[in-house]
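Structure at a glance
Next come the chains, spelled out residue by residue.
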Amino acid sequence: MRRLWNCHPGLLVAGNFLYLPLVFDPYIAQELEANPPAELDSQGNPVPSSPLLIKAQDSAFIKTVKLESLLEQYADFDPVGWEEMRRSVLGDIPESNRDNPSLPDPVLAVILFQIMPYFLKRSRSLSRRGLDRKELLELIEEHVQLPPPYARQSGKLPENKNLRAAIARLADRAERSPGPPPSGLVPADVLKEWFFQALAAKISAQERARLSQALAEQEKWADLYRRHSGLLTYLVEKGSLEVDGFGFARGRGKNEYRIYKRTGVYALKDFYGRPYIFPDCRVAVSTARRLTPFVIEHYKHPLLRRHSSGQDICTPKDFQPSLTFSAANIIKALETGINALYYGYNARRRNGYHSLDRIHQERLISFDDYRVPPDDPRMVSGEVEIKNIFD
């Protein structure tokens, strides 16, 4: 960008497009003779409009990029310059660098109040109808022993007077946009001044929108925070929780979480109808990657390639893992993974990477240690259910 602003004899703007001086050589000279470039009229507009080449002051200029696109993508191609500009514009607004550490981030809020209730409502021990935010936090408090510092915390969010004042200042700066860019052949320093004034207004508008959203979130949380400030602060700082087999744990990245649901102990039958009892495991998805279900524990199963931890589960062909984080996509991925472990192995077809019963002399993974007699007390009592029974 610095080389751009030092351009001589200047920069040409037409139709909101930036035209740069064309490097001159004999081949280009021949091309210009065969195809003469457009020229500027008395108002500085090219004739015809929006041509590929324009001639001005005996120099040829070539069409490059829209100035609006340059403003939109500035942070991507010059991140250092963008950050310097951002600090310059927002340096006197401390609220722009401050988040409320006691309120859940957007991803955690979705996990707590959209994904978690779905699985808790389907739990035998927590068969409730319609858990709203207040009921859910009360339910969590029944299952979490808060450490004393959190239990004693009184609920009061910071005053938002300073936040409102910051939003007002940013709104005033956003309105100082320089308007459309100058047209025609423009000295580089003049266009540079316009560009950075427009960039400052853009940064101010973006930050105003972000702080307005933060204010709306703060006001939305106010009542819940007064009642459950200790629990909310605890969840935000710890970043993990498990209630009735559903849980999550924060990863290293920002808004990165591993979300899981336990299978519980279950049984599968083999080709001969013999039962195998499988231990509990956590089926999970990670918000840091494609939403493919995997097992957290060191685990073996016919639909797992190896006997190890962190393995992706072999899911039906019609399941397409999503790249988009949403409550619906997380729920679908977790249920698909759990159902694959429960019902995906067909004893008759012996599908999957491995079979439960021995059909070859050598097997990479054996399930003989999981096999139990049909009258195992856990199955007789109904404590453990055989899942892969198909009519």
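This text follows the structure it describes.
**Looking at the sheet that holds strand S9 (residues 246–250)**
Spatial ordering of the open sheet is given by S8-S9-S10-S13-S14, a layout of 5 strands whose pairing is antiparallel. The open sheet has two free edges, formed respectively by strand S8 (240–243) and strand S14 (294–295), since each of these has just one partner strand. Along the sheet face, helix H6 (residues 106–121) touches S8, S9 and strand S10 (257–262) and points at about 165° away from the line of S9. The sheet strands contacting helix H11 (residues 327–343) are S9, S10, strand S13 (282–286) and S14, and the helix crosses S13 at an angle near 145°.

**Description of the pairing of strand S5 (residues 53–56)**
In summary, the side chains of a regular strand alternate between the two faces of the sheet. Sheet analysis places strand S3 (residues 38–40) next to S5, joined by 2 bridges and oriented parallel. The residue of S5 that forms the bridge with Ala38 is Ile54. Pairing analysis gives 4 bridges linking S5 to strand S6 (residues 59–66), with the strands arranged antiparallel. In the strand pairing of S6, Leu53 is matched with Ile62. Hairpin connection between S5 and S6: a loop of 2 residues separates the two successive antiparallel strands, and Gln57 in this loop has a positive phi of roughly 50°.

**What to know about H11**
End to end, H11 covers 24 Å across 17 residues, agreeing with the expected 24 Å (1.5 Å per residue, within 8%). Regarding H11, the residues found buried are Ala327, Ile330, Ile331, Ala333, Leu334, Thr336, Gly337, Ile338, Ala340, Leu341 and Tyr342. Those residues of H11 hidden inside the fold are in contact with H6, S9, S10, strand S11 (266–269), S13 and S14.

**Structural notes on helix H10 (residues 188–238)**
Given a rise of 1.5 Å per residue, 51 residues ought to cover 75 Å, yet the end C-alpha atoms of H10 are separated by just 52 Å, more than 12% below that figure. Where H10 bends most, at His228, the angle is about 95°. Where H10 ends, the next residue or the one after it, Gly239, has phi of about 75°, a positive value.

**Concerning the packing of aromatic side chains**
All chains considered together, the criterion is met by 15 aromatic pairs. Measuring from ring centre to ring centre gives 5.5 Å for Tyr74 and Phe77, while their planes differ by 85°; the resulting arrangement is edge-to-face. Linking Tyr74 with Phe77, this pair stays in helix H4 (residues 74–77), spanning 3 residues, or about one helical turn. Residue Phe77 is classed as partly exposed on the basis of its relative accessible area, which comes to 40%.

**Some thoughts on unusual backbone geometry**
In this structure, Asn16 is a non-glycine residue whose phi angle is positive, near 70°. With respect to the helices and strands, the residue Asn16 is situated in the loop between strand S1 (11–14) and strand S2 (17–21). Residue Asn16 is classed as buried on the basis of its relative accessible area of 17%. A positive phi angle is found at Asp244, which is not glycine, with a value near 50°. For Asp244, the position within the fold is in the loop between S8 and S9.

Thresholds, definitions, all that
- Residues numbered from 1 in each chain as written.
- Predicted model: local features only at pLDDT ≥ 70, side-chain atom pairs only at ≥ 80, totals over all residues.
- Heavy atoms only, no water.
- Pairing = 2+ DSSP bridges.
- Helix = DSSP H or I, 4+ residues; strand = E, 2+ residues; numbered from the N terminus.
- Contact = heavy atoms within 4.5 Å.
- Axes fitted to C-alpha atoms, helices over the stretch in contact; angles between N-to-C directions.
- Expected span 1.5 Å × (residues − 1).
- Buried < 20%, exposed > 50% of the residue type's maximum accessible area, 1.4 Å probe, protein only.
- Bend = angle between axes of the 7 residues up to and from the residue.
- Phe/Tyr/Trp six-rings, centres within 6.5 Å; stacked < 30°, edge-to-face > 60°.

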